[in-house]
Amino acid sequence: MKKINIFSAAIATIGTVALLLTAGCGGQNGNAGTNNGNGENTNPQTQTVNITITGSDSMLHLCNNWAEEFMKNNKNYMITVNGGGSGVGIKALINGTTDIASASREMKSAEKDEAKANGNEAVENLVALDGIAIAINPENPVKDFTTVQLKDIFTGKKTNWKDFGGPDQKIIILSRESSSGTYQFFQEHVLAKENYAQTALLMPATSAIIDSVAQDKWAIGYVGLGYASEASSRIKVVPVKKDNASPAVMPSEATVKDKTYPIARALYLYTKTTSTSDTTKFIDFVLSPDGQNIVKEAGYITK
Amino acid sequence: MQKWKEKAVKLGLLGASSTSILIVLLIFFYLIKEALPFALDPGLSSLSGSLWAPTSMLKESFGILPLLTGSLLVTAMATIIAIPVGVIAAIYISEIARPAEREVLKPFIELLAALPSVVIGFFGLVVFVPLVKSVFGLSTGLTALTGALLLALMAIPTIISISEDAISSVPSSYKQASLALGASKLETIFKITVPAALSGIVASITLGIGRVIGETMAVLMVTGNAAVVTMNPLTSVRTMTATIAAEMGEVAFGSHHYRALFWVALILLGITFALNILAQKALSKYKLG
């Protein structure tokens with residue numbers, strides 16, 4: 001009796017595994033099916049056009065929004081968006097394994113040469129701009145920061161507001177989680193790739209940083225410009241100086257566009273001179289008013 | 001024919017009930033499979049440090065000490081808060097409360113157990129964070145203590161309902177004997193009933209701790225998530241669960257960081273597994289006794 005039980009349990013277990021496996025496969029097939037199904041109603045004989053975008057993690061969300069909107073209107077297109085980082089995207093473009101590379105930095109000239117040598121000469125498309133605002137509590141008297149001062153604060157080198165013309169109070173550092181593109185951008189451009197202070201509070205969302213800055217008098221945080229202007233009644237956005245000699249600049253659409261605000265970057269989509277008309281069609285959409293509207297909605301600045 | 005049918009049904013039922021065993025085994029298997037390559041490169045010793053900087057651009061560092069101490073600090077404090085409240089409430093409900101009171105108390109406690117943790121987290125963000133900040137005169141209310149208060153809130157219903165079961169299943173002959181010997185009602189409760197139900201109470205506490213240490217959303221929202229090694233309840237801490245939840249979403253597949261997160265998960269699973277076994281042991285003891 002005992003033996004039979006163990007035996008039947010084994011059979012049952014194997015049966016369940018098989019069931020789970022088939023269920024998993026079925027799900028995947030189902031998904032692919034719906035994608036194909038979307039394509040059929042406009043033009044039954046057109047084949048699905050596949051476009052891949054690889055690159056910047058901070059542009060992932062933006063690229064996904066573009067891709068979704070584009071596919072809504074062009075049902076026979078299948079756009080796949082991959083992250084990995086700007087460098088990964090550019091590398092993929094050089095090797096010809098992606099159609100479009102998304103990058104939150106300019107391609108270096110060495111990379112451009114390499115692409116050309118591989119027969120994948122790159123075409124630069126500036127698609128959006130991004131500025132990061134420094135937010136403190138409205139009751140904090142500190143007037144401005146230089147980028148070096150920001151580095152000292154966020155790396156934990158200076159921990160008291162009195163070093164910056166404020167009262168004798170400990171600085172509470174608010175940062176995004178390490179998965180955020182803004183976290184990485186800030187680390188690269190303001191912290192000069194140094195580590196954040198271990199005491200930095202890592203907030204799960206931009207809104208959490210804004211709430212905390214609004215509540216805690218001696219907190220400092222960084223947020224995307226789009227979010228900062230929305231919350232301008234609850235937080236104080238402070239101007240930033242490039243260095244001691246330069247003027248303090250408030251972040252705004254204008255100062256990001258004319259590059260006077262120091263914590264800003266341009267976002268690019270790189271294509272190839274040999275790109276198909278399908279790829280250029282997507283880039284045209286991104287640069288169109290509809291595409292740029294998505295930029296605005298995602299909290300970035302139009303080019 | 002009839003016999004075969006019966007066998008088939010029996011087999012089906014057995015299959016359905018063994019699915020959960022299978023899933024637990026699969027989870028263990030995949031966690032180990034994803035975590036294991038980390039032991040070869042960069043090696044397990046890199047987990048023992050006290051700096052958690054998995055995305056550092058200078059040198060990645062995967063010391064899980066701050067995450068461990070963060071989880072332990074929050075869990076220990078939550079337990080200290082939840083035990084007296086939960087056990088006393090359970091004693092009151094099962095021994096002292098009138099039936100009418102019981103009818104009101106029990107559904108509310110069950111409701112508290114059913115609240116989604118993100119709702120409790122939101123409540124904590126709005127109520128507890130400013131409260132802790134002003135009571136202790138801190139500059140931010142995002143502290144380990146705030147997280148512990150919320151977690152205690154979640155552990156209390158578990159402790160109450162299982163402890164209450166244990167206390168009310170103490171045979172009434174024990175109590176009658178005690179009262180007949182001249183003990184007062186309070187003496188009977190604390191010297192006879194509670195000791196007799198002790199293993200059930202211990203099990204309820206262990207299960208409560210299990211829930212607390214695995215809780216993610218609420219702690220992610222209110223503890224501030226700073227990866228520092230500290231035993232000060234009024235500073236921010238980063239728990240293991242919050243780390244996995246916050247970082248898994250964007251981590252590069254197969255990277256050291258990815259594998260390190262699986263190690264964190266594996267350690268967490270080990271802890272909760274051990275707690276559950278302890279609770280089972282305690283429970284079976286009180287069922288026999």
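The structure this text deals with has already been given above.
Bear in mind that the values here come from a model prediction, so they are computed numbers and not experimental data.

## A look at the overall build of chain B
Step number 1: A tally of helices and strands in chain B yields twelve helices and two strands.
Step number 2: The order of α-helices and β-strands along chain B, N terminus first, is α-α-β-β-α-α-α-α-α-α-α-α-α-α.
Step number 3: Dimensions of chain B, computed from the C-alpha atoms along their principal axes, are close to 75 × 75 × 30 Å.
Step number 4: Among the 289 residues that make up chain B, the fraction classed as buried is 46%.
Step number 5: In chain B, the proportion of contacts linking residues at least 24 apart, taken out of those at least 6 apart, comes to 71%.
Step number 6: Accessible area for chain B stands at about 14400 Å²; split by element, carbon and sulfur atoms hold 72% of it.
Step number 7: Here chain B contributes 19 positively and 14 negatively charged side chains, and the mean placements of these two sets differ by 8 Å.

## A word on the packing of helix H3 (residues 86-94) of chain A against helix H4 (residues 109-117) of chain A
Residues and elements named next belong to chain A.
Step number 1: In the contact formed by H3 and H4, the axes pass within 9 Å of each other and the chain directions differ by 25 degrees. In terms of orientation, H3 lies roughly parallel with respect to H4. On H4, the residues that touch Ile 90, Lys 91 and Ile 94 of H3 are Glu 111, Glu 114 and Ala 115.
Step number 2: Tallied by class, residues from the contact of H3 with H4 come to three nonpolar, no polar and three charged.

## Side note on the packing of aromatic side chains
The relation between two aromatic rings is expressed through the spacing of the ring centres and the mutual angle of the planes.
Step number 1: By the definition in use, this model includes 18 aromatic pairs over all chains.
Step number 2: Through pairs of rings, three or more aromatic residues link up here, namely Phe 154, Tyr 183, Phe 186, Tyr 196 and Tyr 222 of chain A.
Step number 3: Lys 7 of chain B extends its terminal NZ or CZ atom over the ring of Trp 4 of chain B, reaching a point 5.6 Å from the ring centre.

## Things to note about the packing of helix H7 (residues 172-180) of chain B against helix H8 (residues 185-196) of chain B
Residues and elements named next belong to chain B.
Step number 1: Closest axis-to-axis distance for the H7/H8 pair is 10 Å, and the angle between their directions is 145 degrees. Pair H7 / H8 crosses with right-handed handedness. Taken together, the residues of H8 that come into contact with H7 (itself represented by Tyr 174, Lys 175, Ser 178 and Leu 179) are Lys 185, Thr 188, Ile 192, Thr 193 and Ala 196.
Step number 2: Taken together, the residues of the contact of H7 with H8 break down into four nonpolar, three polar and two charged.

## So, helix H6 (residues 144-168) of chain B
Residue and element names in this part refer to chain B.
Step number 1: With 25 residues, H6 should reach 36 Å at 1.5 Å per residue; the first-to-last C-alpha distance of 35 Å fits that figure.
Step number 2: Roughly 30 degrees is the biggest bend found in H6, and it falls at Ala 155, with proline Pro 157 one to four residues downstream.
Step number 3: A large share of H6 lies buried, amounting to 19 of its 25 residues.

Conventions and cut-offs
- Residues numbered from 1 in each chain as written.
- Chains lettered and ligands numbered in written order.
- Predicted model: local features only at pLDDT ≥ 70, side-chain atom pairs only at ≥ 80, totals over all residues.
- Heavy atoms only, no water.
- Helix = DSSP H or I, 4+ residues; strand = E, 2+ residues; numbered from the N terminus.
- Buried < 20%, exposed > 50% of the residue type's maximum accessible area, 1.4 Å probe, protein only.
- Contact = heavy atoms within 4.5 Å.
- Areas by Shrake-Rupley, 256 points an atom, 1.4 Å probe, with all protein chains shown as cover.
- Lys, Arg positive; Asp, Glu negative; His and termini not counted.
- Charge placed at Lys NZ, Arg CZ, Asp CG, Glu CD.
- Axes fitted to C-alpha atoms, helices over the stretch in contact; angles between N-to-C directions.
- Parallel < 35°, antiparallel > 145°, perpendicular 65-115°, else oblique.
- Nonpolar A, V, L, I, M, F, W, Y, C, P; charged D, E, K, R; others polar.
- Phe/Tyr/Trp six-rings, centres within 6.5 Å; stacked < 30°, edge-to-face > 60°.
- Lys NZ or Arg CZ within 6 Å of the ring centre and 35° of its normal.
- Left-handed = near helix turned anticlockwise from the far one by under 90°.
- Expected span 1.5 Å × (residues − 1).
- Bend = angle between axes of the 7 residues up to and from the residue.

From the geometry alone we can't say anything about function, so treat these as descriptive.
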